[in-house]
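# A closer look at the structure
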Amino acid sequence: MRYKFNNFEFDSTSCVLKKNGDDLAIRHNEAKVLKLLLEHSNQVFSKEDILSHVWQNKVVSEQAVFQSISNLRRLLGNHAIKTFSKRGYQWQLQIDSKHSDIEAHCNISQNKPLQHANTLSKPKSRNHWITIALTGIALLVFTIINNSTDQPQTDESSVINISYIAISNQRGTETFKLNDTELFNFTELPQLNTAHFQVSSEFEYPLLAKEHPLILSGTIRTHHNLTYIDFILKGPFADWQGQLSGVNQQAALNQLQQHLQQPVILKLLNKAQTLELKQANLSIAHQQAPHDLIILGHLANTYIMMGELDKAMVMANKLEKIAISQNKTHHVGNALLFQSEVLIRKELFDLSKYKLSNAIKQYQSINDLHRQADAWFTQSWIDHNQGNYQAIKQSLLNSVQLAFDAQDKRRELSALTYLSVLAHKHQQEDDKYLYLQQAENKMKDYQIPNYHFAIVPYHYAIFAKSPQDKEPHLKQVLELAKLTPDFWAAQSSRQQLMEYYINQNNLAEAQNLINGITTDNAKNSYLKTLLAQALKNDDAFTTHAQRTFEQAELAGDLYLSLDMALLICSSQSMQDNYDFYSQYIDKKGTDYWRRNNEKKLLALNL
């Protein structure tokens, strides 16, 4: 059957959707949902009905229905399918005409293969069968490509290509190279050193990524007859980092290569994944390699990012137990640090402080200055919640000193600038300028890339008393980060300026903020969404809003995903999507996020 509505035509025989005669990309299950709604346009279908008819006995979540309906609305318009609260979905557009055709091979009640051509009624046109053939070939190629990306490679293609910066000791006085193996093809980047790359990766990596998509860097040190490697592997969509130890340098390097063989690492680095998918992949990897403590640590951290605090605590406790059995002191400390983070989010500050104290003792026993600096940085947040500024100051100065001793410029500058912010929050006027000035002086001494200096005006914007006073500082941030527009301070400044210009109805300046932006990411899509809403462009708002939500989910940015869901729920132009996004908020909204958005949630009765 062929259905015509507006300027669309849907052929339920071939599951082909056209607009103005041109084929539109549509997934097979979405086509089956569309077929169901069109064939029974007077009926309201519940989520359970759709799951039963379309997915039959397959185990899938209700989100599959939500996503299919959302994608159909994106293609056909928001008013094509109506949501009836607590009832389901119904087709809304007038069907201009229906034309009988051969029995649909995308039959909903049965998944039968195509019968031999002579058992079908005679086709009405040769072009029709050409369309079916081409569609089948395209689906076959698509399936092969997708399957090939998920299957382990064999023969020559199974070799993993990794570019690396020579592993160095903390002083940079000695470096260690990696030799090729049957599994790895290592390419050294001699023009870079680890210390420089740590503070310039936002600028350097994009320049190298096309030729060197995976870049490994790290430091090596020896303490009490054990060798420790602290490494980070950068990829197109994520970073992977961890700590390893061995009885000597070669043993530690061998452990690094053995760990990097885990398939989950390349999977996470080479493809954007939602937090749920990342958690699922890490869970499978943990089952396959239960004694790999780095994978278990990443799994615990992913649960924290998802707001699944009880599950995160279970994984952190498990990490501690296995690390003790393996005598891996650094992972015992990491487990305690994860436990402390969970307890902070549960606002159990005294117990969190106890965990942190034990973590610091573990790190001290192996002279891990980096992680000690992290623990004291975390301690400052507990001090802040307990209203103790002197304790905040001491904790962060401890973090600064430890990072300085480790020659870890990033951690040192981060602790100094955070101390400046917390001094501001606690109305310590002298300290907030003192420590920000110290941070700026150290940036000059270290001769780090220019974009880091954008942090200074960014903090002056924090200190400013009004949005109008913030504007010149935020604009200076963008100027200093011109070559690294995706640097976190630039992204945040651009968003603050966008909100300020929209509130001032200065839409020309708002438009200028996104002119020339080339990176397609969630933060930039969010800016386009805000501007489209201000311009009252419903079509653009719908497109950018859905894009932002999808990208934020893939980036694992839970708070931006929630912000976007809340914005969509409050928009009159996207009320048909209300059910999906309100349920998303109900399921994933954390206590912290709900407190920050309490008034908006109350206004929407969410």
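Residues numbered from 1 in each chain as written. Predicted model: local features only at pLDDT ≥ 70, side-chain atom pairs only at ≥ 80, totals over all residues. Heavy atoms only, no water.

Let us now look at the overall build of the chain. Within the chain one finds 26 helices and 14 strands. Counting only residues that meet the buried cut, the chain has 49% of its 606 residues in that class. The contacts in the chain between residues at least 6 apart in sequence include a share of 58% that link residues at least 24 apart. Of the roughly 31100 Å² of accessible surface on the chain, a fraction of 49% belongs to carbon and sulfur atoms. (Helix = DSSP H or I, 4+ residues; strand = E, 2+ residues; numbered from the N terminus. Buried < 20%, exposed > 50% of the residue type's maximum accessible area, 1.4 Å probe, protein only. Contact = heavy atoms within 4.5 Å. Areas by Shrake-Rupley, 256 points an atom, 1.4 Å probe, with all protein chains shown as cover.)

In this section: the environment of Gln394. In this structure, Gln394 sits in helix 14 (residues 389–405). In this structure the C-alpha to C-alpha distance between Gln394 and Asp383, which are eleven residues apart in sequence, comes to 9.8 Å.

The full count for this structure, using the stated rule, is 20 salt bridges. Its salt-bridge partner being Lys432, residue Glu429 comes within 3.0 Å of it at the nearest N-O pair. Of this pair, Glu429 and Lys432 both sit in helix 16 (residues 429–446), separated by three residues, roughly a single helical turn. Under the relative-accessibility criterion, Glu429 is labelled partly exposed at 41%. (Salt bridge = Lys/Arg side-chain N within 4 Å of Asp/Glu carboxyl O.)

Turning next to the confidence of the model for the chain. Averaged over all residues, the pLDDT of the chain equals 85, while 88% of them reach at least 70. When the criterion is pLDDT under 50, residues 108–157 qualifies, and its contacts beyond four places in sequence or with other chains add up to 27 contacts. (pLDDT = per-residue confidence, 0-100.)

On to the nonpolar core, then. The biggest cluster of nonpolar side chains holds 96 residues, and the ones touching the most others in it are Phe5, Leu17, Leu34, Ile50, Leu76 and Trp91. A total of nine residues in this core trace back to one element, the largest contributor, which is helix 23 (residues 558–569). Beyond its immediate chain neighbours, meaning those up to four positions away, Leu76 contacts Phe5, Phe8, Leu17, Leu34, Trp91 and Leu93. Counting 59 residues, the second largest nonpolar core, distinct from the first, contains Ile160, Leu178, Trp240 and Ile304. (Core = buried A, V, L, I, M, F, W, Y, C linked by side-chain atoms within 4.5 Å.)

Moving on to helix 23. Here helix 23 contains twelve residues, and its C-alpha end-to-end distance of 16 Å stays within 8% of the 16 Å for a straight helix at 1.5 Å per residue. Counting buried residues along helix 23, ten of its twelve residues qualify, which places the element largely inside the surrounding structure. Every buried residue belonging to helix 23 is among Leu558, Leu560, Ser561, Leu562, Met564, Ala565, Leu566, Leu567, Ile568 and Cys569, and all of these are buried. Of the surrounding elements, those touching the buried residues of helix 23 are helix 9 (293–306), helix 21 (522–534), helix 22 (538–555), helix 24 (578–588), helix 25 (591–596) and helix 26 (598–603). (Expected span 1.5 Å × (residues − 1).)

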